[in-house]
Amino acid sequence: MLHEIVISGFGGQGALFAGQLLAYGALEEGWHVTWIPSYGPEMRGGTANCTVIISDEEIGSPLTRHPTAAIVMNLPSYERFEPLIAPGGVLVVNASLIAQKSQRADIRIIYAPANDIAAELGAAQMANVVLVGAMLAATGALQFETLDQVLDKHISARHRDKLELNKRALRRGGALAV
Amino acid sequence: MTKELWKGNEALAEAALRAGLEAYFGYPITPQTELLEYLAKKMLATGRAFVQAESEVAAINMVYGAASTGARVMSSSSSPGMSLMQEGLSYIAGSQVPVVLVDIMRGGPGLGNIAPSQSDYFQLTKGGGHGDYRPIVLAPASVQEAADLMYGAFDLADKYRYIVIIAADGNIGQMMEPIEMPPQRRLEKKDRGWELTGAAGRPHRLISSIYLQSEALHQFNMHLQAKHRQIEQNEVRYEEYLLDDAEYAVVAFGSAARAAHSAVRWARAKNIRAGLFRPISLYPFPHAQLTALAQRVRALLVVEMNTGQMLEDVRLAVAERVPIQFYGVTGGLVPFADDVLPEIEKLTRLDNGAS
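Rules and cut-offs
Residues numbered from 1 in each chain as written. Chains lettered and ligands numbered in written order. Predicted model: local features only at pLDDT ≥ 70, side-chain atom pairs only at ≥ 80, totals over all residues. Heavy atoms only, no water. Helix = DSSP H or I, 4+ residues; strand = E, 2+ residues; numbered from the N terminus. Rg over C-alpha atoms; globule rule 2.2 N^0.38 Å. Buried < 20%, exposed > 50% of the residue type's maximum accessible area, 1.4 Å probe, protein only. Contact = heavy atoms within 4.5 Å. Areas by Shrake-Rupley, 256 points an atom, 1.4 Å probe, with all protein chains shown as cover. Lys, Arg positive; Asp, Glu negative; His and termini not counted. Charge placed at Lys NZ, Arg CZ, Asp CG, Glu CD.

K.L.:
Tell me what's going on with the overall build of chain A, and back it up with residues and numbers.
P.N.:
The number of helices and strands found in chain A is six helices and six strands. When the helices and strands of chain A are placed in sequence order, the string is β-α-β-β-β-α-β-β-α-α-α-α. For a compact globule of 178 residues, the expected C-alpha radius of gyration is about 16 Å, and chain A comes in at 15 Å, within 12% of that figure. C-alpha atoms of chain A, sized along the principal axes, occupy 40 × 35 × 35 Å. Within chain A, the fraction of its 178 residues that count as buried is 56%. Sequence separation of 24 or more characterises 56% of the internal contacts of chain A that already satisfy a separation of 6 or more. Entry remark: accessible area of chain A is about 7,300 Å², with carbon and sulfur atoms responsible for 53%. Of the side-chain charges in chain A, 14 are positive and 17 negative, and the distance between the mean point of each set is 7 Å.

K.L.:
Kindly report on the overall build of chain B, identifying the contributing residues and their values.
P.N.:
Each helix and strand in chain B was counted, giving 12 helices and 14 strands. Relative to the 2.2 N^0.38 estimate, which gives 20 Å for 355 residues, the radius of gyration of chain B is 21 Å and therefore close to what a compact globule would have. For chain B, the C-alpha atoms occupy an extent of roughly 75 × 50 × 40 Å along the three principal directions. Relative to its 355 residues, chain B shows a buried fraction of 59%. Expressed as a percentage of contacts within chain B between residues at least 6 apart in sequence, the contacts between residues at least 24 apart total 79%. Within chain B, the 39 negative side-chain charges are centred at a point lying 4 Å from the centre of the 34 positive side-chain charges.

The following block contains the structure:
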């Protein structure tokens, strides 16, 4: 079992936090896991990405050149990572912000209008969670119930009121990949 | 014990607290800043000393002063900041006070950039400042190891009254991994016979690096050299991975070793008998172990995030016994397993060509 997942977007879209949700989930399920951010001067508006590796074996490199799954939240991220996904891998595209359609036939692609879904649910900041849901449904990397527990534990105090909404966002994303 | 997810910089800070850190002096610099931030919150809350100094030069001299009183003291920085600290470190070595430092290495020379690097190897392991001294340098390759080495670093510094440097790179500092954090220690303060605690009721003590008489300075240097020989005998640390039957060995430390670890596994899947030798102590360097390894394998590959600094120590240990190839990236680039695997494959061709 090996999932090498990249999550990439503008700073402020929650790419790093989405990756941490996965890392906490993997820890919860007892896997080996690493989370590593690109830590350049990426504040709101710049690009930010992180790599999460989940494995049943000791993890060597915490970085990967060819992720088995990627969540791309904006166009620069799509352009960077779409060609790099390993054959047989999964690409989750934030279709609310990315109009491009991939020509690749060797990977599974899910177009998730994540910003629209999140806004419809009542909190636009949850687009990242919608995308995580789609990725998890497509890869089976972690159980949804595990992510519920992680949200219970790690959602910040100021977003506490949106806990249940986040769980719904996760499943709305998951429904896109069934 | 349950595992928790920790970021490298914060794990280093927490492990230092649990090892009984009493005073911290530092100056913020990426990619190390979370360490200082974490201690800023925790040190004062637990009644310990924390000072954000006006510069790294000031910070290291505050460290020197606090260490002279026998306190458990540390600083942390990243490459350009470490360069600024070198004068102070030379004085600290010359005064034989125990000090722990963390260097979260970034790209150089000069201001370079904030991305991960291993290009402080020469500076850290060969002395750095003026004079014949060499700090103990320990290079973690994971967050767990970073916490464990940090936890033991103060005892090591005390044991030899010397400098211990935890040399990690930006990736180890920024990465999160599940770890078991070692428990809080209770330290008993006892007088060790050298610290400056006020001379009332006892003969005065002097901590200094000044020896105006040549013969006296020579004697002091011989004493330091004897200390180095002891450190070389007692403190060598390394890890071997799949080396038992290996024909080809990769030598790498820190983050570079993580990529090499993956590449070695991939090479095994291609029926190449590769293994990994990972120095954990960069000084003392595992010289004898590498000499022995060179008698068992056909060729070595050294992988570093610099242009070949540890490579020189590997060459000293291996001499001309087997061919040594090098793969390095700089500037904040990180070796990927995809890059290391073809370099291992080259070793096998080199070998065929020679025979």
